[in-house]
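Results of the structural survey
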Amino acid sequence: MDHPSRRSFLGLGGAAFALAFSTNLADPWTAEAVARGGDYPFTLGVASGDPLPDRVVLWTRLAPKPLEPLGGLPYNKISVDWEIAEDEAFARRVRHGTTWANPEYGHAVHVDAKGLRPGREYFYRFRSGGEISPVGRTKTAPAPGSSPEALRLAFASCASWQDGYYTAYRHLADENPDVVFHLGDYIYEYGIVPMGGNRQTPVPEQFRVQCDTLDRFRIQYGLYKSDPDLQAAHQRAPWIVTWDDHEVLDNWAGPNGPGGEVTAEDFLVIRANAFRAFWENMPVRVPAVESPDARIYRRYTFGDLAEFNVLDTRQYRDDQVCGDGQQVDCADRLDPARQMLGAEQERWLLDGLGASRAKWNVLAQQIAMIQLDFDPGPAQRLSMDLWDGYKAAKDRLITGMIDREVSNPVVLTGDIHYNLAGELKANFDDPASQTVGTEFVCTSVSSGGNGNPATGLPPGGSDPVNPHLRFSSYQRGYVSCEVTRTQWRADFKVVPYVDRPGAPVSTRASLVTLDGVPGLQAL
Amino acid sequence: MMRKLAAAALAVALTTGAAWDPEEPPSSASVKVRPGVSKGTGKLIPRAGADRLVAPLGVDPACPAKIEIGMRSDAKKAAYATMNVEIDAPLTASRTMLTSYLPAGYEVGAKLLVAVPPEAKEGTYGLSLRTPAQTLRVPVEVVALDRLDNGGNLALRRPVAASSQHTNANYPPCSVADGDRSSNGWAGGNGWNDATARAWPDTVTIALGGPKQVSRVDLYTLDTERYPASRYGVRDWDVQAQVSGQWQTVAQVRGNTAGNVRSDFAPVTADAVRIVALASNGANDYTRIIEVEVR
């Protein structure tokens, strides 16, 4: 979005500005941000996102008191300066400007910093009311038509605050990836108990009730984004985000809230509040949300190496059938009229996949696409919330990729609190059928608590009821990927606990899929 | 997201069994929308669900007084609207403002919790709901527990203790004596969920504030369309009364699938009443109680 920001600084020459800014260069990372108090407005850190070859969105939200609905600020617009440079010392500043933080948007700031060079690192920061923000690092996408040798990305999902510490985000930050994908459940809408669940941290009274109004969603984001590990992850790399269900309400589907609890009219108001809070708090280049409808599906191209289709599998889907949950023999899941992406997004996706010239064609989305049979016996018990519950829509997509001879389909998934790696099959009930692509599912950052290292399928193993599944683990963490012209490597990073801070990170498994050879190999 | 129940089953399919965390809390959104026709004046009108709020003194802070507050839009089109919420000290409210998407002509309501600190004095306090167009003042009457009109329910607002409390959402034991029998808003502070799945018994005890003659207990277990009592409710329990320091079983319920059950028994003079839950109807085998009334 455009802001009145391309004018020069109000009452301040560039040199004076650079001088003023050059006083806070030491350690740019977040420890100091959380220690500050008083009127310091950058308690929620900084972020960047939606990188293009020539621009990136810079984000912050002014909130001296992050646990208050308006961040402790009056209902006034507030001037915010920003600058972006090629170096961390801001000696080679390339763009700067001034914009407004508006109370209607919770004093959020989204600057689309343009005129940048492709495929390179930048550093940015904000200033408001005499205070300077932490310095963020970001990176633009490679030039259109270029042939990058490699891309390093990480993806994550599911970070229930009260379930544990965000140590996984901290380790993700330490990798300095080129880009981070967040696949949803960034917040959970639930009320929070007085001692903060597994965090054993007191949480004020206003957090007891569930998120539904915009003021309540705002303080939930305020609490989540106060976390120093989450701030570090935003600060180190541009993010490309989408939402899943808990950004709104558990297992919502299109116009439907959770069955029997929330009326359609109530739900659309809640959805409008949730979408607005998401927009305010995320570094996204989509129009400001003004209603219960907001398009967030979009596409990013990294030269000829990879193209990312960021999907919204919630807003346009039909309601879950057979009462949601896991079901055996639910015929309604096969109904060809039922939509997961909605007709418009499905067409957009297939058209884009057909037109892509990228080596790796990625779906960054929410829910498991490989078939997951939860019954160890002969019965087939499938989850109605996953792609399995929308079988015809899944088949249209997989068949559509076969028909278009899409190069190296890779699906990145969150939601399920499990690390999984699997092979996308033309027919999941026939192990001999064509392998079309690969799915990597990241576990939760914190949701579900510590997890259990003693369970799971070793990398390269085979699950008897889900033969296309090649790896699983139930631990907390994220997935780190190195994408080259010859292979896509996924390292499943796990932490042993989240009920206290400081857990070390280790690699539970590394799996590879080779260019032109769909399917998985364990390293 | 997927329920943990699902995760457990997948694990069985993949490897050996393991211990799993309890399932996610259900939804408890409090927003209520009432459609209507805008007068087109552009005004935002504050609303309250009651013309006064009674807030007892000295109750468990986990179960504050509740009132629905809201606003109605007479604007020409939908917008995000804000109403300020102010309350006289030393009372505190769970929101300082109400901000929501609001279609033209619609009213949106949400729950407001009002906390009374122990040092507050009895009397009438002010709750102000303020929009640019109008201010609505709702009196909050702070009364001592012994002067509270309990309508004959000896358990109302009395101290409650439970064997455990689930911590993945808000399930305070005192909510079984908060005067709200409705299952709506489950997980949002409106009912008690114990912390020990598949472990029995679970107990919840209400002190009556002195010896009282009792002969009837009404128990309300979780029962909504999404969470029917036949799957989520308590199945088997004993009603016990503490008589002269000794617990005695005065009623037993077995095989229940209904949302509420009345137990009548020969009158006893009891200092406290407790529910000893022995089994529930399946879903993760927790005890889920909305309200217990004692007469």
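Residues numbered from 1 in each chain as written. Chains lettered and ligands numbered in written order. Predicted model: local features only at pLDDT ≥ 70, side-chain atom pairs only at ≥ 80, totals over all residues.

This part takes up the overall build of chain B. If you tally the helices and strands in chain B, you get two helices and 17 strands. With 295 residues in all, chain B has 48% of them scored as buried. Sequence-distant contacts, at least 24 apart, represent 71% of the contacts inside chain B between residues at least 6 apart. (Helix = DSSP H or I, 4+ residues; strand = E, 2+ residues; numbered from the N terminus. Buried ≥ 20, exposed ≤ 12 C-beta atoms within 10 Å, placed from the backbone. Contact = placed C-beta atoms within 7 Å.)

Glycine aside, the phi torsion of most residues is negative, and most peptide linkages are trans. All names here are of chain B. At the junction of Ala-89 and Pro-90, the peptide bond is cis and its omega measures out at 5° in the coordinates. Within the element layout of this structure, Pro-90 appears in the loop between strand E5 (79–87) and strand E6 (92–93). Cis geometry is found at the peptide bond from Trp-200 to Pro-201, where omega equals 0°. By the element assignment, Pro-201 lies in the loop between strand E12 (192–193) and strand E13 (202–221).

Once that is clear, we can look at the domain arrangement of chain A. Residue and element names in this part refer to chain A. Parsing chain A into structural domains produces domain 1 (14–139) and domain 2 (150–522). Computed over C-alpha atoms, the centres of domain 1 and domain 2 are 28 Å apart. Facing 33 residues of domain 1, the contacting portion of domain 2 comprises 28 residues. Going through the elements one at a time, helix H2 (31–35), strand E1 (46–49), strand E2 (56–61), strand E5 (108–113) and strand E8 (136–139) are the ones with two or more residues in the side of domain 1 that touches domain 2. Looking at the side of domain 1 that touches domain 2, its residues break down into 18 nonpolar, nine polar and six charged. (Domains from an automatic or database assignment. Nonpolar A, V, L, I, M, F, W, Y, C, P; charged D, E, K, R; others polar.)

With 222 residues, the main nonpolar core has A:Phe155 and B:Val114 as its most contacted residues. Sort the elements by how many residues they give to this core and helix H6 (residues 264–281) of chain A lands first, with nine residues. Filtering out sequence-adjacent residues up to four positions away, B:Val114 remains in contact with B:Leu53, B:Ala55, B:Pro64, B:Ala65, B:Ile67, B:Ile87, B:Leu91, B:Ala93 and B:Val140. (Core = buried A, V, L, I, M, F, W, Y, C linked by C-beta atoms within 7 Å.)

Residue and element names in this part refer to chain A. Assignment of secondary structure puts Ile-187 in the loop between strand E10 (179–182) and helix H4 (214–225). Assessed through the 24 C-beta atoms surrounding it within 10 Å, Ile-187 is described here as buried. Spatially, the C-alpha atom of Ile-187 lies 6.4 Å from that of Ala-159, the residues being 28 residues apart in sequence. The contacts of Ile-187, once residues within four sequence positions are left out, are Gln-220, Tyr-221, Tyr-224, His-246 and Glu-247.

All names here are of chain B. Each assigned domain of chain B is listed with its residue range as follows: domain 1 (32–146) and domain 2 (150–294). Its C-alpha centre places domain 1 at a distance of 30 Å from the equivalent point of domain 2. With six residues of domain 1 at the interface, the matching set in domain 2 holds six residues. For the side of domain 1 that touches domain 2, the residue count by class is five nonpolar, no polar and one charged.

This brings us to the UniProt feature "domain: Phospholipase D N-terminal" (unreviewed entry) in chain A. This chain's UniProt record puts "domain: Phospholipase D N-terminal" (unreviewed entry) on residues 44–140 of chain A. The distance from the first to the last C-alpha atom of residues 44–140 of chain A is 23 Å, and the span holds 0% helix and 48% strand. (UniProt positions renumbered as here; feature names shortened; annotations may be inferred.)

Before going further, it helps to examine the pairing of E1(A). Residues and elements named next belong to chain A. Side chains Val-46 and Ser-48 of E1 all project onto a buried face; the interleaved residues Ala-47 and Gly-49 project onto the opposite face, where all are buried too. Here E1 pairs with E2 via four bridges, running antiparallel. Its bridge partner being in E2, Ser-48 is matched across the sheet by Leu-58. In textbook terms, the turn of a hairpin is the stretch between consecutive antiparallel strands, and for E1 and E2 this stretch comprises six residues, one of which, Asp-50, has a positive phi near 50°. (Pairing = 2+ DSSP bridges.)

The subject of this paragraph is helix H3 (residues 167–174) of chain A. Residue and element names in this part refer to chain A. For H3, a buried count of seven out of eight residues is recorded, marking the element as mostly surrounded by other parts of the structure. Within the span of H3, buried status applies to Thr-167, Ala-168, Tyr-169, Arg-170, His-171, Leu-172 and Ala-173. Elements that come into contact with the buried residues of H3 comprise strand E9 (150–156), E10, helix H5 (228–236), strand E21 (469–484) and strand E22 (487–495). At the C-terminal side of H3, Asn-176 shows a positive phi close to 45°.

Time to look at the packing of H3(A) against H5(A). Residue and element names in this part refer to chain A. Contact pair H3 / H5: the axes reach a minimum separation of 7 Å and the direction vectors enclose 25°. With respect to their mutual orientation, H3 and H5 come out roughly parallel. Helix-helix and strand crossings are classified by hand; for H3 and H5 the assignment is left-handed. Facing H3, whose interface residues are Thr-167, Tyr-169, Arg-170, Leu-172 and Ala-173, H5 presents Asp-229, Leu-230, Ala-232, Ala-233 and Arg-236. (Axes fitted to C-alpha atoms, helices over the stretch in contact; angles between N-to-C directions. Parallel < 35°, antiparallel > 145°, perpendicular 65-115°, else oblique. Left-handed = near helix turned anticlockwise from the far one by under 90°.)

What follows concerns the environment of A:Asp499. Residues and elements named next belong to chain A. The residue Asp-499 is located in the loop between E22 and strand E23 (506–514) in this model. Owing to 15 C-beta atoms within 10 Å, Asp-499 belongs among the partly exposed residues under this scheme. Distance in space between the C-alpha atoms of Asp-499 and Gly-197 is 9.2 Å, their sequence separation being 302 residues. Here Asp-499 is in contact with Gly-164, Asn-198, Gly-449 and Asn-450, once residues within four sequence places are set aside.

Our next topic: the environment of B:Glu141. Residue and element names in this part refer to chain B. Relative to the helices and strands, Glu-141 resides in strand E10 (residues 135–144). Counting along the chain gives 21 residues from Glu-141 to Ala-120, while the straight-line C-alpha distance between them is 11 Å. Contact partners of Glu-141, with chain neighbours within four places excluded, come to Arg-52, Val-54, Ala-55 and Thr-124.

For the rest of this paragraph, the subject is the sheet that holds E10(B). All names here are of chain B. In space, the five strands of this open sheet follow the order E3-E10-E9-E5-E7, with mixed pairing throughout. Each edge of the open sheet carries a strand with a single partner, namely strand E3 (53–57) and strand E7 (97–102). For this sheet the average axis-to-axis angle between neighbouring strands, irrespective of direction, equals 25°. In the sheet, E3 pairs with E10 via five bridges, with the strands oriented parallel. In the strand pairing of E10, Pro-56 is matched with Val-143.

This brings us to the pairing of strand E19 (residues 435–441) of chain A. Residue and element names in this part refer to chain A. The buried count for E19 comes to six of seven residues, which makes it a mostly enclosed element. Summarising the sheet, strand E17 (residues 409–413) and E19 pair through four bridges and their orientation is parallel. Across the sheet, residue Val-411 finds its bridge partner in E19, namely Glu-439. Pairing geometry for strand E18 (residues 419–425) and E19, over six bridges, is antiparallel. Looking across to E19, one finds that Gly-422 is bridged to Glu-439.

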